[in-house]
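# Architecture at a glance
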Amino acid sequence: MQIKSAALDIVCGVTSKLPDTGQAEIAFAGKSNVGKSSLINGLMNRKSLARTSSQPGKTQTINFYHINEEFYLVDLPGYGYTTASVNVRQSWGRMIERYLKTATNLKAVFLLLDIRHAPNANDKQMYDWVLDNGYTPIVIATKLDKIKRSQVQKQLKLLRDTLGMEKGAKLFPYSSVTKAGREEIWEFIEKECLN
Ligand code: GDP
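Read on for a plain summary of the structure. (Residues numbered from 1 in each chain as written. Predicted model: local features only at pLDDT ≥ 70, side-chain atom pairs only at ≥ 80, totals over all residues.)

### Things to note about helix H1 (residues 36–44)
By the criterion of burial, H1 is predominantly enclosed, with seven of the nine residues buried. Listed as buried for H1 are Lys36, Ser37, Ser38, Leu39, Ile40, Gly42 and Leu43. Turning to H1, the residues buried within the fold contact strand S2 (24–30), strand S3 (62–67), strand S4 (71–75), strand S5 (106–114), strand S6 (138–142) and helix H5 (182–193). (Buried ≥ 20, exposed ≤ 12 C-beta atoms within 10 Å, placed from the backbone. Helix = DSSP H or I, 4+ residues; strand = E, 2+ residues; numbered from the N terminus. Contact = placed C-beta atoms within 7 Å.)

### With respect to the sheet that holds strand S7 (residues 171–173)
The seven strands are arranged S1-S3-S4-S2-S5-S6-S7 in an open sheet whose pairing can be described as mixed. The open sheet terminates on both sides in strands that have one partner only, identified here as strand S1 (6–12) and S7. Across the sheet, the mean angle from the axis of one strand to that of its neighbour is 25 degrees, orientation sign disregarded. Taken together, the six bridges between S1 and S3 define a ladder with antiparallel strand orientation. For Val11, the partnering residue across the bridge sits in S3 and is Asn63. On the sheet, helix H4 (residues 152–163) packs against S5, S6 and S7 and is oriented at approximately 145 degrees with respect to S7. (Pairing = 2+ DSSP bridges. Axes fitted to C-alpha atoms, helices over the stretch in contact; angles between N-to-C directions.)

### Thoughts on the environment of Asn68
Along the chain, Asn68 turns up in the loop between S3 and S4. Residue Asn68 is classed as exposed on the basis of its 11 C-beta neighbours within 10 Å. Expressed as a C-alpha distance, the spacing of Asn68 and Met165, which sit 97 residues apart in the sequence, is 32 Å. Each residue touching Asn68, except ones within four places of it in the same chain, is listed here: Ile3, Lys4 and Ser5.

Below, the structure is given as structure tokens:
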């Protein structure tokens, strides 16, 4: 994918009306700190367009990044802050649910998981929730550079087994440090989401 332009086009708060972009949308979900901003920046070839290391309690928004004025990468708010208030957690859930249920141009939902750890209950819930809304989550195993090469297959299997992923379900290892996996993810998006 040649990135000709990338811009944060739309920011939706809890009560905002969700946009009808009329163009393909590709969404990214994951626990806070999993590397979601880094991935989105990496895909866009931008250093810091997507915010990194968002703080707990920070305003939860859905951010739409317009790529080449042709489609959108959609950054869903991160989950899993144990310190977040019940209110924040509830509004987060409602916002994501509203998006998954009403988005008419949503082509795929990527779920990010840290390659080093077994998915926890929140991750599993998110995976099942995306499934329940009619999308098969595409898993991205982040921070690939943090483990030894000899551990990669074992960790990928752990992610697959814990989530109960189907045999053919897609799983991409990715590192925002080396950018390993970037081409494969773009190739998938181009083939499966942008036709
Ligand atoms: P977010 O909260 O999911 O958006 O996560 P960030 O993208 O802000 O990343 C959280 C932290 O993990 C930051 O300190 C990043 O520099 C670091 N990080 C993210 N991706 C990678 C990666 O692939 N490899 C390494 N080594 N660190 C990463």
